[in-house]
Amino acid sequence: MQSDNLFETVNTRHGRVTLFANDTGAISDSLRLYGEWAQNELSFMLSMVHQGDTVVDVGGYIGTHTLAFARHVGEQGQVVTIEAQARSFELLSRNIQDNGLTNVRAENAIASAVGKEEHIPAIDIETPASYGSASLREVFVPGAQHHESSGAEFCVKSIALDELPIASCSLIKIDVEGMEDMVLRGAGELIRRHGPAVYAECNSLEDGLRCFRLLKEYGYRVRAHVVLAFNEDNFLQCDRNIFMGAREVALVGTPEASDPLKGYAVRPCELLLDIETADDLALALLNKPQYDHEVLRAGAAARSGGTAVLNAAVEMKEAARQAAEKEERIVRELMERHAQELEQLERKYFGAQDNSGKLHVELDRLRAEAARVTESERSAREALAELQSAVDQIRRSTSWRITAPLRALSNKKANR
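About the cut-offs
- Residues numbered from 1 in each chain as written.
- Predicted model: local features only at pLDDT ≥ 70, side-chain atom pairs only at ≥ 80, totals over all residues.
- Heavy atoms only, no water.
- Core = buried A, V, L, I, M, F, W, Y, C linked by side-chain atoms within 4.5 Å.
- Buried < 20%, exposed > 50% of the residue type's maximum accessible area, 1.4 Å probe, protein only.
- Helix = DSSP H or I, 4+ residues; strand = E, 2+ residues; numbered from the N terminus.
- Contact = heavy atoms within 4.5 Å.
- Phe/Tyr/Trp six-rings, centres within 6.5 Å; stacked < 30°, edge-to-face > 60°.
- Lys NZ or Arg CZ within 6 Å of the ring centre and 35° of its normal.
- Salt bridge = Lys/Arg side-chain N within 4 Å of Asp/Glu carboxyl O.
- Expected span 1.5 Å × (residues − 1).
- Arc of directions from axis to C-beta.
- 1 Å grid on protein atoms, 1.4 Å probe; cavity = no way out; pocket = protein on both sides within 12 Å on 5 of 7 lines; lining within 4 Å.
- Points joined across faces, edges and corners; volume = space filled by probe spheres on them.
- Pairing = 2+ DSSP bridges.
- Axes fitted to C-alpha atoms, helices over the stretch in contact; angles between N-to-C directions.

Caption draft 1: Summary view of the nonpolar core. Within the largest apolar cluster, 41 residues are counted, with the highest numbers of intra-cluster contacts made by Val 56, Val 58, Ile 82, Leu 161, Ile 172 and Ile 174. It is helix H8 (residues 205-217) that provides the largest number of residues to this core, a total of five residues. Setting aside anything within four residues of it in sequence, one finds Ile 82 in contact with Val 56, Asp 57, Val 58, Gly 59, Gly 60, Glu 107, Ala 109, Ala 111, Ile 159 and Leu 161. Ranked by size, the runner-up nonpolar core spans 38 residues in total, among them Phe 44, Tyr 61, Leu 91 and Tyr 199.

Next up, the structure:
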């Protein structure tokens, strides 16, 4: 029995997910940090699926996509999830059960062109590694690059999707590290019978062309879905971008007669490119920044001196980055200078406001004083008018006229 220290459980957008504690791959890092994995591509796929539909998830790993599909199609829908690695399948089954999903059928098998038994290398979950990147290509393709494994092997059945007892199918999602064409070869009857959309991972031109040709043989329209690995609106609202500018590419096959992407509104995080030739697919893959070092620089042409154009592109990108940094620095300096000028203006403004306040106080005092003077002047004028009225009454009186000779004599004496 394995120690519980080899597992950890996290809350995610689509349910509780238990993962391998020693998994160093992007899937586990993303689940821990964002509470989701490949949500941008998942949202795209879910746009082609409805309640009650059936989805086939090839390369289920620990169930990140399976849980999302199962919740989306509802209890009346069905998800068939297929995972070859025994330890991954155990965790896939555990996550299905822990989330109470009764509409999922899990198969511990290799999805291939024919049904038989195979011996494949097992992942060692006690040794840190990217378990989700484990490929079976070396088993099925002579001369394929060998990847180190634990040395242990186990026997697992191989099945063709045509063998699945399903009454309908709306979507086949395939992520099997370069073996997507083998899955499609075993799904020809299912595709012709039900016309599902196909979403197949595409990491190289060589692998992608094999899938492209098969999808065209099935009468499908083919597009490339190029999508950012980082979802800004992630479940845990974490703004740290561990993917930088990385993008993922998948081939999308849809039936011409009933295209589920008709009227689809392309989001800012993605491109949806029509693929009609190998050159079209090459251009689509060049929109994936990591294609340079993951594929092109690992090939024979690069080893024999064909990296000049790649180096030039890197140099141009570096020059553009430096120019952008310089521009950002200039803008930042201008903003800081403007901020300082604004601060000085604010100080002057508020200083003027302070002085203005003092002036207002003095002006109010002067206005009050002027009001008092005006009131005093009005009172004096009223008193003078009353006095003048009294004088006029005296002069009109009889006594004033009788005493007139006496006043005249008195004035003469005063003038001597």
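Once the structure has been displayed, the description carries forward.
Caption draft 2: Layout of the packing of aromatic side chains. Applying the stated rule across the entire model yields eight aromatic pairs. Here the aromatic residues Phe 7, Phe 20, Tyr 61 and Tyr 131 are joined through ring pairs into a cluster of three or more. The cationic tip of Arg 94 hangs over the ring face of Phe 7; the distance from NZ or CZ to the ring centre is 5.6 Å.

Caption draft 3: Geometry of the pattern of salt bridges. The full count for this structure, using the stated rule, is 23 salt bridges. Glu 90 is the salt-bridge partner of Arg 87, the closest N and O atoms lying 3.0 Å from each other. Of the two residues, Arg 87 and Glu 90 are both situated in helix H4 (residues 86-98); the distance of three residues between them amounts to about one turn of the helix. Judged by relative accessible area, which is 19%, Arg 87 ranks as buried. The class for Glu 90 is partly exposed, based on a relative accessible area of 44%. A salt bridge links Glu 369 to Arg 372; the nearest nitrogen and oxygen atoms lie 2.2 Å apart. Note that Glu 369 and Arg 372 are positioned in helix H12 (residues 308-395) at a spacing of three residues, about one turn of the helix. On the basis of relative accessible area, Arg 372 is assigned to the partly exposed category, the value being 46%.

Caption draft 4: Up close: H4. Across its 13 residues, H4 extends 18 Å between first and last C-alpha, which sits within 8% of the 18 Å expected from 1.5 Å per residue. Residues of H4 that are buried include every one of Arg 87, Ser 88, Phe 89, Leu 91, Leu 92, Asn 95 and Ile 96, and no others. Structurally, H4 contributes buried residues whose contacts are with strand S1 (7-12), strand S2 (15-20), helix H3 (64-73), strand S4 (78-83) and strand S5 (104-111). A positive backbone phi angle near 65 degrees is found at Gly 100, which sits one or two residues after H4.

Caption draft 5: Structural view of the environment of Ala 187. Note on placement: Ala 187 falls in the loop between helix H6 (180-185) and helix H7 (188-194). On the accessibility criterion, Ala 187 (0% relative accessible area) is buried. A sequence separation of 25 residues divides Ala 187 from Asp 162, and the C-alpha atoms of the two residues are 5.0 Å apart. Not counting residues within four places of it along the chain, the set of residues in contact with Ala 187 comprises Leu 161 and Asp 162.

Caption draft 6: How the structure looks around the environment of Tyr 291. Following the sequence through the fold, Tyr 291 ends up in helix H10 (residues 291-294). Judged by its relative accessible area of 6%, Tyr 291 is buried.

Caption draft 7: Layout of helix H1 (residues 26-34). Residues of H1 that are buried: Ile 27, Ser 28, Ser 30, Leu 31 and Tyr 34. Projected down its long axis, H1 carries its buried residues within an arc of 165 degrees, all on one side. In the core, the buried residues of H1 are packed alongside S1, S2 and H3. Positioned one or two residues after H1, Gly 35 has a phi angle of 70 degrees, which is positive.

Caption draft 8: Looking closely at the layout of surface pockets. One number sums up the size of the second largest pocket: a volume of about 230 Å³. In this structure, the second largest pocket is lined by Arg 247, Leu 286, Asn 287, Lys 288, Pro 289, Tyr 291, Asp 292, Leu 296, Leu 310, Ala 313, Val 314 and Lys 317. Counting residues per element, the ones that place at least two in the lining of the second largest pocket are H10 and H12. In terms of residue count, the dominant contributor to the lining of the second largest pocket is H12 (four residues).

Caption draft 9: Local environment of the sheet that holds strand S6 (residues 116-121). The mixed open sheet is built from 10 strands, whose spatial order is S6-S7-S5-S4-S3-S8-S9-S11-S10-S12. In this open sheet, the two edge strands, each paired with only one partner strand, are S6 and strand S12 (270-274). Averaged over all neighbouring strand pairs, the angle between strand axes comes to 25 degrees, with direction disregarded. Of the pairings in the sheet, the one linking S4 to S5 comprises five bridges and is parallel in character. Within the sheet, the bridge partner assigned to Val 80 lies in S5 and is Arg 105. Its contacts with the sheet put helix H2 (residues 39-46) on strand S8 (171-174), strand S9 (197-201), strand S10 (220-228), strand S11 (247-255) and S12, and the angle it makes with S10 is roughly 150 degrees. Sheet contacts for H4: S4, S5 and strand S7 (153-159); angle to S5, the most-contacted strand, approximately 170 degrees.

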